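Summary of the model geometry
Given next are the chains, with one letter for each unit.
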Amino acid sequence: MDLLTDSPVDNDGEHWQQASDSELVDHLLQRYHQVHRRQLGDLLYLAQKVEHTHHHHPDCPQGLTEHLRNMARELEQHMQKEEMILFPMLARGQGAMAGGPIQVMLGEHDDHAAAIAHIDVLTDGLSLPDGVCNSWRGLYTGLQTFVSDLQKHIQLENDILFARYLAA
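Conventions adopted
- Here the residue numbers are simple positions, counted from 1 along each chain's written sequence.
- The predicted nature of this model means local features are confined to residues of pLDDT at least 70 and side-chain atom pairs, given and counted, to a pLDDT of 80 or more, with totals for whole chains, interfaces and linings taken over all residues.
- In computing side-chain values, all of the structure's heavy atoms are included and hydrogens and water are not.
- A run of DSSP states H or I qualifies as a helix once it reaches four residues; a run of E qualifies as a strand once it reaches two. Both are numbered from the N-terminal end.
- Expected helix span is computed as 1.5 Å times (number of residues minus one).
- Relative accessibility thresholds used throughout: buried, under 20% of the residue-type maximum; exposed, over 50%; partly exposed, between the two (1.4 Å probe, protein chains only).
- Here a residue-residue contact requires only that any non-hydrogen atoms of the pair lie within 4.5 Å.
- Buried Ala, Val, Leu, Ile, Met, Phe, Trp, Tyr and Cys residues that are joined via side-chain atoms within 4.5 Å together make up what is termed a nonpolar core.
- A pair of aromatic rings is counted whenever rings of Phe, Tyr or Trp (Trp by its six-membered ring) have centres within 6.5 Å, and the orientation is called stacked for planes under 30 degrees apart, edge-to-face for over 60 and tilted otherwise.
- In predicted models, pLDDT denotes the confidence assigned by the predictor to each residue on a 0 to 100 scale.
- Every case where a carboxyl oxygen of Asp or Glu lies within 4 Å of a side-chain nitrogen of Lys or Arg is listed as a salt bridge.

1. A short note on helix α4 (residues 99-122)
- When the terminal C-alpha atoms of α4 are compared, their 35 Å separation across 24 residues agrees well with the 34 Å that a helix rising 1.5 Å per residue should span.
- Taken together, the buried positions of α4 are occupied by Ile102, Met105, Leu106, Glu108, His109, His112, Ala115, Ile116, Ile119 and Leu122.
- The secondary structure elements touched by the buried residues of α4 are α3 (64-91) and α5 (134-166).
- Phi turns positive, to about 50°, at Asp124, one or two residues after α4.

Spelled out as structure tokens, the structure:
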């Protein structure tokens, strides 16, 4: 599977509504956390290559590498908090005490949504100029996959996993 262009099929939210917390957390870790880490590494490489090679092109996504670097750092910190604090807390049955950490994660999800919106600005909506190289094409295809994956990831956490505890 090419992580920039292929995305593992994700089951719909209906299935995950019925899943246990443990099943959903395992899915989030395998399907999203691990995949995002690889995606961002590949995207950083391509963004740097495109910006370096095409810096004089008027449609070059100037600043994208730095933005992705910041996103990778923020997303890694976010995922570490989930992996080391929130998810183990839920696994130990301490969901009643998870309200504070969940609120922090929801706020960070809003920050991730803003970062996604900034990708759209930097890339003119992922619009490829005519005649660009394969690296530029691969970058935008990979960004499209990453953005879609990150949005699905956030939706599963917000609308299913976290909603279970916020409703209680």
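Text resumes after the structure shown.
2. Details of the nonpolar core
- In terms of nonpolar packing, the biggest core is built from 26 residues, with Leu64, Leu68, Met71, Leu139, Leu143, Phe146 and Leu150 touching the most fellow members.
- At the level of elements, α2 (21-53), α3, α4 and α5 are the ones that each hand at least two residues to this core.
- Dropping the residues within four chain positions of it, Phe146 is found in contact with His36, Gln39, Leu40, Leu43, Met71 and Leu75.
- Counting residues in each nonpolar core, the second largest holds 18 residues, with Met89, Ala98, Ile102 and Leu156 among its members.

3. With respect to the environment of Pro88
- Along the chain, the position of Pro88 falls in helix α3.
- Excluding residues within four positions of it along the chain, Pro88 makes contact with Glu82 and Glu83.

4. Concerning the packing of aromatic side chains
- All told, the structure shown has 1 aromatic pair when counted by the stated rule.
- Ring geometry for Trp136 versus Tyr140: centroids 6.3 Å apart, planes at 75°, classification edge-to-face. Note that Trp136 and Tyr140 are positioned in helix α5 at a spacing of 4 residues, about one turn of the helix. In this pair, the class of Trp136 matches that of Tyr140, namely buried.

5. Considerations on the confidence of the model for the protein chain
- Chain-level statistics for the protein chain give a pLDDT mean of 91 and a share of 91% at 70 or above.
- The model gives residues 1-9 a pLDDT under 50, and that stretch makes 23 contacts with residues more than four places away or in other chains.

6. Concerning the environment of Tyr165
- On the secondary structure map, Tyr165 appears in helix α5.
- C-alpha separation for the pair Tyr165 and Met97, spaced 68 residues apart in sequence, amounts to 9.1 Å.
- Setting aside chain neighbours within four positions, we find Tyr165 in contact with Asp21, Leu90, Gly95 and Ile102.

7. Re unusual backbone geometry
- A positive phi angle, near 50°, is found at Asp124, a position not held by glycine.
- Considering the arrangement of structural elements, one finds Asp124 in the loop between α4 and α5.
- Judged by its relative accessible area of 58%, Asp124 is exposed.
- Positive phi, close to 60°, is recorded for Leu126, a residue that is not glycine.
- Structurally, the position occupied by Leu126 is in the loop between α4 and α5.
- Taking relative accessible area as the criterion, Leu126 reaches 26% and is therefore assigned partly exposed.

8. Some thoughts on the pattern of salt bridges
- A full pass over the atoms with the stated rule returns 6 salt bridges.
- Linking Asp21 and Arg164 is a salt bridge whose minimum nitrogen-to-oxygen distance equals 2.5 Å. Taken together, the residues span a long stretch of sequence, with Asp21 in helix α2 and Arg164 in helix α5 at a distance of 143 residues.
- With relative accessibility at 25%, the residue Arg164 sits in the partly exposed group.
- Glu76 serves as the salt-bridge partner of Arg37, at 2.7 Å between the closest nitrogen and oxygen. Taken together, the residues Arg37 in helix α2 and Glu76 in helix α3 connect sequence positions 39 residues apart.
- Salt bridges sharing partners connect three or more residues here, namely Arg37, Glu76 and Glu83.

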